[in-house]
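Descriptive analysis of the structure
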Amino acid sequence: MEKTKNKLTSFSDHLNQEYGIRGTEKREEYEQEFEAFKLGVMLQELRKKKGMTQEELALKCGTTKTYISRIENNASDIRLSTLMRIIREGLGGQLNINVSF
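Residues numbered from 1 in each chain as written. Predicted model: local features only at pLDDT ≥ 70, side-chain atom pairs only at ≥ 80, totals over all residues. Heavy atoms only, no water.

Okay, the overall build of the protein next. Counting secondary structure elements, the protein contains 5 helices and 0 strands. Taken over C-alpha atoms, the radius of gyration comes to 19 Å for the protein, far larger than the 13 Å a tight globule of 101 residues would show. In terms of its C-alpha atoms, the protein occupies a principal-axis envelope of roughly 65 × 30 × 20 Å. Within the protein, counting contacts between residues at least 6 apart in sequence, those at least 24 apart form 39% of the total. Here the protein has roughly 8200 Å² of accessible surface; of this, 50% comes from carbon and sulfur atoms. (Helix = DSSP H or I, 4+ residues; strand = E, 2+ residues; numbered from the N terminus. Rg over C-alpha atoms; globule rule 2.2 N^0.38 Å. Contact = heavy atoms within 4.5 Å. Areas by Shrake-Rupley, 256 points an atom, 1.4 Å probe, with all protein chains shown as cover.)

Along the chain, the position of Met-42 falls in helix α2 (residues 25–49). Note on Met-42: relative accessible area 34%, which makes it partly exposed. Distance in space between the C-alpha atoms of Met-42 and Ile-97 is 14 Å, their sequence separation being 55 residues. (Buried < 20%, exposed > 50% of the residue type's maximum accessible area, 1.4 Å probe, protein only.)

Attention shifts here to the nonpolar core. Side chains of a nonpolar character, in soluble globular proteins, are inclined to be buried together. Leu-43, Leu-57, Ile-68 and Ile-86 are the most contacted members of the largest nonpolar core, which totals 13 residues. When residues of this core are traced back to their parent elements, those giving at least two are α2, α3 (54–61), α4 (65–72) and α5 (80–90). (Core = buried A, V, L, I, M, F, W, Y, C linked by side-chain atoms within 4.5 Å.)

Let us now look at the layout of surface pockets. Each pocket or cavity is described by its volume, and for the largest pocket that value is around 950 Å³. Among the elements of the structure, α2 and α5 are those that each provide at least two residues to the lining of the largest pocket. Here the element with the most residues in the lining of the largest pocket is α2; it accounts for 9 residues. Looking at the lining of the largest pocket residue by residue, the classes come out as 10 nonpolar, 6 polar and 8 charged. (1 Å grid on protein atoms, 1.4 Å probe; cavity = no way out; pocket = protein on both sides within 12 Å on 5 of 7 lines; lining within 4 Å. Points joined across faces, edges and corners; volume = space filled by probe spheres on them. Nonpolar A, V, L, I, M, F, W, Y, C, P; charged D, E, K, R; others polar.)

Structure, rendered in structure tokens:
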């Protein structure tokens, strides 16, 4: 009886198979959604690290608990100016932006 070898696929190969290569519409849509997801997780981790509730963060930066929740749960697009205000006024940080090709 011949053994069946497990064929492992790299994450990059998996993305290429599921969403197409970088530059295709489906893949770029995936990448954009993934970046939004990462942003929400990052804000949630920073907020928790500061020991703040969503409501406390919202009050500090002039928005609502619902809006903070929607950002953290990837359910809302966020304006750059709002993101900067949340990080600066709400979390006491500074936003740095990086562009890669």
